[in-house]
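# Results of the structural survey
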Amino acid sequence: MNILGTIQGRMNRFSKGQKRIARYILDHCDKAAFMTASRLGETVQVSESTVVRFASEVGCDGYPGLQRALQDLLRSRLTAAQRFRETDFSGPDLLGAVVHSDMEKLRQMAALGDRAALEEGAERILGARRVYILGVRSSCFVAGYLHFYLHLLLENVSLVQPNAAGEMYEQLFRIGPGDALIAVSFPRYSRITADTVKFARDRGASILAVTDGERSPVYALADTRLLAPCEMISFVDSMVAPLSLMNALLVALARRMDAGDTFSQLEEIWNAYGVFGQEEE
């Protein structure tokens, strides 16, 4: 049962003030998901402490837990215009609010991240005949970041370019058993990504999903799942936690490969051809 079902099922147990909160959330979930506790209290004319107690009453870890549950329900359905209107960053310190929002996502991942899945993902990549990396729309930048560093470590890595859907299938038409597809998919989830993952899986490739949770369309299609929170900041998808997860995956791979010799050779090439500017003495 999702959070709205939980609220509806407990309606008869709530106090008068809690019922006001519950009715507002049920009727205006898209707005409530992005309100602070104080703003929600003002809207339904109850105290902020009543809002916080309500969150605990419905089984959430405080009001932030209730917000996350509501946002999880909405994130794949909201339009960019709805995100912009409903996200509350109206305080005087916009920079601090955005940075603290990103920091909270990193804390969540550090506390809840699946260490075993990270090691399994590294093993799956190292054991693959060929590795393909896929990400479209805002997720393509996470995919590109991973590809930039992964191709320094491995010879058998390809980035699937997010062109027209037909061209993506052409880039993958040789994929098969023994290959691995790393599928990066965050809200708003792209149907092209899910369809392409199904194509690769049907051809026998293993799937490593980099996504945010069970509601992601690639979650059920994957053999291994690396999860990172990616909640919305206004109309922007925050990719701070996914990029940090990619850093962890890359370090796990380099450690398993003992990549010191690889980077020594790269440094020689970079120095020989002046890839990086010389620092002033």
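In this report, the structure presented in the accompanying data block is examined.

Now for the overall build of the chain. The secondary structure content of the chain amounts to 14 helices and 7 strands. Sorting the 281 residues of the chain into buried and exposed places 45% on the buried side. Within the chain, counting contacts between residues at least 6 apart in sequence, those at least 24 apart form 71% of the total.

Taking 1.5 Å of rise per residue, the 19 residues of helix H8 (residues 94-112) would be expected to cover 27 Å, and the 27 Å separating its terminal C-alpha atoms lies within 8% of that figure. Within the sequence span of H8, burial applies to Gly96, Ser101, Asp102, Lys105, Gln108 and Met109.

On the surface, a cluster of nonpolar side chains totalling about 470 Å² of accessible area is made up of Ile269, Tyr273, Val275 and Phe276. Here valine 275 is to be found in the segment after helix H14 (260-272). Taking relative accessible area as the criterion, valine 275 reaches 47% and is therefore assigned partly exposed.

Moving on: the packing of aromatic side chains. What the rule picks out here adds up to 5 aromatic pairs. Among the aromatic side chains, those forming a connected cluster through ring pairs are Tyr145, Phe148 and Tyr149. Taking the ring centre of tyrosine 219 as reference, the NZ or CZ of arginine 225 above it sits at 4.4 Å.

Let us now look at the pattern of salt bridges. Two side chains bearing opposite charge may form a pair once their charged atoms approach each other closely. Under the defined criterion, the tally for this structure stands at 7 salt bridges. Salt-bridge contacts for glutamate 104 lead to arginine 68; the nearest nitrogen and oxygen are separated by 4.0 Å. Separated by 36 residues along the polypeptide, glutamate 104 in helix H8 and arginine 68 in helix H6 (residues 62-74) bring together distant segments of the chain. Exposure remark for glutamate 104: the relative accessible area of 29% places this residue in the partly exposed category.

The 5 strands are arranged S2-S1-S3-S4-S5 in an open sheet whose pairing can be described as parallel. At either end of the open sheet lies a strand with only one pairing partner, and these are strand S2 (157-159) and strand S5 (224-227). Within this sheet the neighbouring strands show an average axis-to-axis angle of 15°, counted without direction. Strand direction decides the pairing type here: strand S1 (residues 131-135) and S2, joined by 3 bridges, are parallel. Considered in S2, the bridge of valine 131 is made with valine 157. Sheet strands in contact with helix H9 (residues 115-126) are S1, strand S3 (180-184), strand S4 (206-211) and S5, and its direction is about 125° off that of S5. Set on the sheet, helix H12 (residues 191-202) makes contact with S1, S3 and S4; between it and S3 the angle comes to about 165°.

Quick notes on the rules
- Residues numbered from 1 in each chain as written.
- Predicted model: local features only at pLDDT ≥ 70, side-chain atom pairs only at ≥ 80, totals over all residues.
- Heavy atoms only, no water.
- Helix = DSSP H or I, 4+ residues; strand = E, 2+ residues; numbered from the N terminus.
- Buried < 20%, exposed > 50% of the residue type's maximum accessible area, 1.4 Å probe, protein only.
- Contact = heavy atoms within 4.5 Å.
- Expected span 1.5 Å × (residues − 1).
- Patch = residues over 30% accessible without salt bridge, like charges linked within 9 Å, V, L, I, M, F, W, Y side chains within 5 Å.
- Areas by Shrake-Rupley, 256 points an atom, 1.4 Å probe, with all protein chains shown as cover.
- Salt bridge = Lys/Arg side-chain N within 4 Å of Asp/Glu carboxyl O.
- Phe/Tyr/Trp six-rings, centres within 6.5 Å; stacked < 30°, edge-to-face > 60°.
- Lys NZ or Arg CZ within 6 Å of the ring centre and 35° of its normal.
- Pairing = 2+ DSSP bridges.
- Axes fitted to C-alpha atoms, helices over the stretch in contact; angles between N-to-C directions.

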